[in-house]
Amino acid sequence: MPPTESGGTPAIEFRDVVKRFGDHTVLKGLNFTVSPGERVTLIGPSGSGKTTILRLIMTLESLTGGYIDVHGEPLTHEQRGGKRVALPSKRVRANTKRIGMVFQHFNLFPNMTVIENLVEAPIHVLGMAKADAVEKARGLLQKVGLSDKENEHPSRLSGGQQQRVAIARALAMDPDILLLDEVTSALDPELVDDVLQVLRDIAEETDITMLIVTHEMQFARDVSQRVMMFDGGVILEEGHPDDIFTNPREERTRKFLSAVLD
Amino acid sequence: MSWWNWQSALDALPLLLQGFGTTLVATIGGTVIAVFLGLLIAVLLRTLPAWVNWLPKLVVAFIRNTPLIVQLVFIYTLFSMNEALIQVPALTVGILVIGIHYSTYMSESYRAGIDAVPQGQWEAISALSLPPVRSFRSIVLPQALRATVPSLGNYAVAMFKDTPFLMAIYVTELVRTAEQIGGRTFAYTEAFTLAGLIFLAASYPTSLLIRRLEKSLATY
Amino acid sequence: MGDNLTLLIDSLPQLWDGLLITLQLTVGGAIGTVLIAIVLGLGMLAPTGWISVPCRVIVEFFRGTSLLVQLFWFFYVLPIVLDIDLGPLTCGILALALNYGAYSAEVVRSSIVHVPKGQWEASMALSLSPARRMFRVIFPQGWALMIPSLATLQIQLLKGTAVASFITLQDLNDRIDILRQATGDTMFSYTVGLLIYFVLAWLIQVGMDALERSAKRRLGRGDGKKGLFSRLTGRPEAKVVTA
């Protein structure tokens, strides 16, 4: 699927996005769109800004300049009378309800059991009835293969199990967009496959738009329709994973891939 | 502002500053005692064998966990009943007691500092067969003190703010001076407000200094 | 010594009355301390300077001026300035609560700040409201961090209650002196008195340890049980900010 320029509202649109941390400019006027249901993998050396892109969409970082639209609606800033205006925080929070994120370090709430982690936001953010939320959470736990852990504390689970709970927690909010930020980087190698399998299933069974930052190139190849190679805060090249991985145009992409694939 | 009289405030100030002088003497004297005694306690608790260690530990805990005011009056009364000690000025008794009280806290600062010296340093000392006492003094202690200084400073400031307790044994420090002024002229508002401001003016900058020291020492 | 014991037993009702005053000051002060600490501690973390700066100023003010000054101010000056006479017990509780509350507020603030960043981010990613995020996710985790330092401050508060005798309250400190006058034995009376304080401090430590264990259990972390003896001989929390 080519990047949609024509027809339909993109799920995500970056317009001239700038992000600076102090003196350091991470993103230098970034433009791209992601179509609904598309799976895009972001690759590139560390510090190239890929994780920053996910964190900007999740509003964990504030935009320095430019705009991000989600399903055609402004996410954090809008243009009003030729001026760039920040949206009130309540509206920003409403905008992020259908955006889910899975973190490198899981970030489960240690003061809640597994099931409490899953139902907290559906009940208190989406206003779901408790019984419905619990039923839904149980279904998700079954899907990630952890039905028997519902009343455990996160600290009693392995890293791989914790990450599968975190994925279920994100899915419990019925996201349209799922952001996966190096979700296997903190795991012991033998636990990686279970997590990736869960994600493959989700990719297959749902039409959630996914933005993926990962070093697991085979996984990226399996699930994504597009790969974007970042370097120095700009998109160096992009294309279908088969093209990028087997026949990159840019020398720097080639070098990066050979380093990662080793 | 009918309750505030600038003239009374002005009149009170010289007396208050005189009282503050006593407060400073008590603080400095107490700190000197606590700094040395604290180190002694820390080293003692580290070197004593376990089977006798519980006793000094208990004594330290007892002093630390009971009120300074009660201790002050206790020791002051003991002194005043003893013919040989009755001549000792109340301020001296106060400095002694407050110094001992805070030495139990400062010993913890030293302990934490010594604990923070990396295990590798101890191993290096024994690997090089260095003499234990000398290497403790010249290798371990300097490193431990580095981490300890801000904590000692914090306790010195805490002690400074506890010196008004000395009025329980009739030492005329800052707050007792204020109370006397109030009793004599009824300028309680001016006297106590000024006393508070003097404390704030002395302790806040010192605390800021210690916090900065803490930060600069934390990053090697 | 036998006489002393008889006299001690005779003085028990008076000691008991004093103990009750000390307990009222301690419990009232402790409740006030925790409330003030939470309000000011979280206030200092408020995103707007309109809230955080005044909270910071109040904290520094009550930390910087001595407890006894505050006590006398409430006792002598408040009736003059605002024409409010609170009575010695309320004055005592107020001064203790504000003084130790200011120290505790700093403990609350620094514990909240030390909750891992990922927890804030995860609750933002789930779009939890700021209140829900604080009280359901962040605070319960900060709570476990702050208990040891709060325990130290609660014991300081207990020790601080002895200032009450400066404002005419007949607390335990005051009654020890009565016992001394009755027995004429300073050593005996003060040892008894200090022992009572010591036991109270130990009880506070036991209670706070239990709180800490339950807080850690709720975070799914195991509990390192302390021996009965080691509770008070152990370290006062090094983290506590005293200056």
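Treat the numbers as computed from the prediction; the structure is a model and nothing was measured.

### Focus on the overall build of chain C
- Each helix and strand in chain C was counted, giving 9 helices and 0 strands.
- Reading chain C from its N end, one meets helices and strands in the order α-α-α-α-α-α-α-α-α.
- Taking the principal axes of the C-alpha coordinates as reference, chain C spans close to 70 × 50 × 25 Å.
- Buried residues in chain C amount to 48% of all 243 residues.
- Counting only contacts in chain C whose residues sit at least 6 apart along the sequence, the fraction spanning at least 24 positions is 76%.

### Details of the UniProt feature "domain: ABC transmembrane type-1" (unreviewed entry) in chain C
- Within this structure's numbering, the places UniProt gives as "domain: ABC transmembrane type-1" (unreviewed entry) are residues 19-208 of chain C.
- What you have in residues 19-208 of chain C is 83% helix and 0% strand, and the ends, taken at the C-alpha atoms, are 21 Å apart.

### Describing the UniProt feature "transmembrane region" (unreviewed entry) in chain C
All names here are of chain C.
- As recorded in UniProt, the sites labelled "transmembrane region" (unreviewed entry) are residues 20-45, 57-78 and 187-211.
- Helix and strand shares over residues 57-78 are 91% and 0% respectively, and the end C-alpha atoms of the span are 20 Å apart.
- Along residues 187-211 one finds 100% helix and 0% strand; the C-alpha atoms at either end are 36 Å apart.

### Here we look at the sheet that holds strand β10 (residues 209-213) of chain A
Residue and element names in this part refer to chain A.
- Spatially, 6 strands are ordered β8-β9-β10-β3-β11-β12 in an open sheet, and the strand pairing comes out mixed. Here the strands that pair on one side only, and so sit at the sheet edges, are β8 (99-102) and β12 (234-239). The average angle at which neighbouring strand axes cross in this sheet is 20°, direction not considered.

### A short note on the sheet that holds strand β2 (residues 24-34) of chain A
All names here are of chain A.
- Spatially, 4 strands are ordered β2-β1-β4-β5 in an open sheet, and the strand pairing comes out antiparallel. Where the open sheet ends on each side, the last strands, each with one partner, are β2 and β5 (73-74).
- When strand β1 (residues 12-21) meets strand β4 (residues 65-70), the two strands line up antiparallel, connected through 5 bridges. Bridge pairing in β4 links Phe14 to Ile68.
- Running over the sheet, helix α1 (residues 50-57) touches β1, β2 and β4 and is turned about 115° from β1.

### Some remarks on the interface of chain A and chain C
- Contacts between the two partners involve 22 residues from chain A and, on the opposite side, 18 residues from chain C.
- Counting residues per element, the ones that place at least two in the side of chain A that touches chain C are β8 and α3 (114-124) of chain A.
- Looking at which element gives the most residues to the side of chain A that touches chain C, the answer is α3 of chain A, with 3 residues.
- A breakdown of the residues in the side of chain A that touches chain C according to their chemical character gives 10 nonpolar, 8 polar and 4 charged.

### Here's the deal with the interface of chain B and chain C
- Contacts between the two partners involve 42 residues from chain B and, on the opposite side, 34 residues from chain C.
- Examining the composition of the side of chain B that touches chain C, we find that 12 residues originate from one element, helix α8 (residues 188-218) of chain B, more than from any other.
- In terms of residue class, the side of chain B that touches chain C is made up of 26 nonpolar, 11 polar and 5 charged.

### A look at the packing of helix α1 (residues 6-47) of chain B against helix α7 (residues 174-185) of chain B
Residues and elements named next belong to chain B.
- At their nearest, the axes of α1 and α7 sit 7 Å apart, and the two run at 150° to each other. Regarding the angle of α1 to α7, the classification is roughly antiparallel. The element α1 and its partner α7 pack so that their crossing is right-handed. Between α1, through Ser8, Ala12, Leu15, Leu16, Gln18, Gly19, Phe20 and Thr23, and α7, the contact on the second element is made entirely by Leu174, Arg176, Thr177, Ala178, Ile181 and Thr185.
- By residue class, the composition of the contact of α1 with α7 is 7 nonpolar, 6 polar and 1 charged.

### A few points about helix α4 (residues 88-113) of chain C
Residue and element names in this part refer to chain C.
- Look at α4: 37 Å from first C-alpha to last across 26 residues, which is about the 38 Å you get at 1.5 Å a residue.
- When the local axis directions of α4 are compared, the greatest deviation, roughly 30°, occurs at Ala102.
- Along α4, 22 of the 26 residues are buried, which leaves the element largely enclosed by surrounding structure.

### Structural notes on the nonpolar core
- Leu179 of chain A, Leu72, Ala191, Phe192 and Ala195 of chain B together with Leu71 of chain C are the most contacted members of the largest nonpolar core, which totals 194 residues.
- Among the elements that line this core, the one with the most residues is α4 of chain C, at 14 residues.
- Beyond its immediate stretch of four places on either side in the chain, Leu179 of chain A contacts Leu54, Ile57, Met58, Ile99, Gly100, Met101 and Leu211 of chain A.

Calculation notes
- Each chain has its residues counted from 1, running along the sequence as written.
- Chains carry letters from A onward and ligands carry numbers from 1 onward, assigned in written order.
- Where totals are concerned, whole chains, interfaces and linings use all residues; where local detail is concerned, this predicted model gives features only for residues with pLDDT of at least 70, and gives and counts side-chain atom pairs only at 80 or more.
- A run of H or I in DSSP counts as a helix once it spans at least four residues, and a run of E counts as a strand once it spans at least two, with each numbered from the N terminus.
- Exposure criterion: with C-beta atoms placed from backbone coordinates, a residue whose C-beta has 20 or more other C-beta atoms within 10 Å is buried, one with 12 or fewer is exposed, and one in between is partly exposed.
- Once C-beta atoms have been placed from the backbone, residue pairs whose C-beta atoms lie within 7 Å are recorded as contacts.
- UniProt positions are given in the numbering used here, feature names are shortened, and annotations may be inferred rather than shown by experiment.
- Strands are treated as partners if at least two bridges between them are detected by DSSP.
- Angles here are taken between N-to-C directions and fall from 0 to 180 degrees, while the axes themselves are lines fitted to C-alpha atoms, restricted in helices to the stretch in contact.
- In this classification, Asp, Glu, Lys and Arg are treated as charged, Ala, Val, Leu, Ile, Met, Phe, Trp, Tyr, Cys and Pro as nonpolar, and every other residue, Gly included, as polar.
- In this scheme, roughly parallel covers angles under 35 degrees and roughly antiparallel covers those over 145, while 65 to 115 is roughly perpendicular and the rest are oblique.
- For any helix crossing, the convention is left-handed if the near helix is rotated counterclockwise from the far helix by under a right angle, and right-handed if that rotation is clockwise.
- In a helix, the anticipated span is given by 1.5 Å times the number of residues less one.
- The angle separating two fitted axes, one through the seven residues that finish at a residue and one through the seven that start at it, defines the bend at that residue.
- To count as a nonpolar core, a set of buried Ala, Val, Leu, Ile, Met, Phe, Trp, Tyr and Cys residues must be joined through C-beta atoms within 7 Å.

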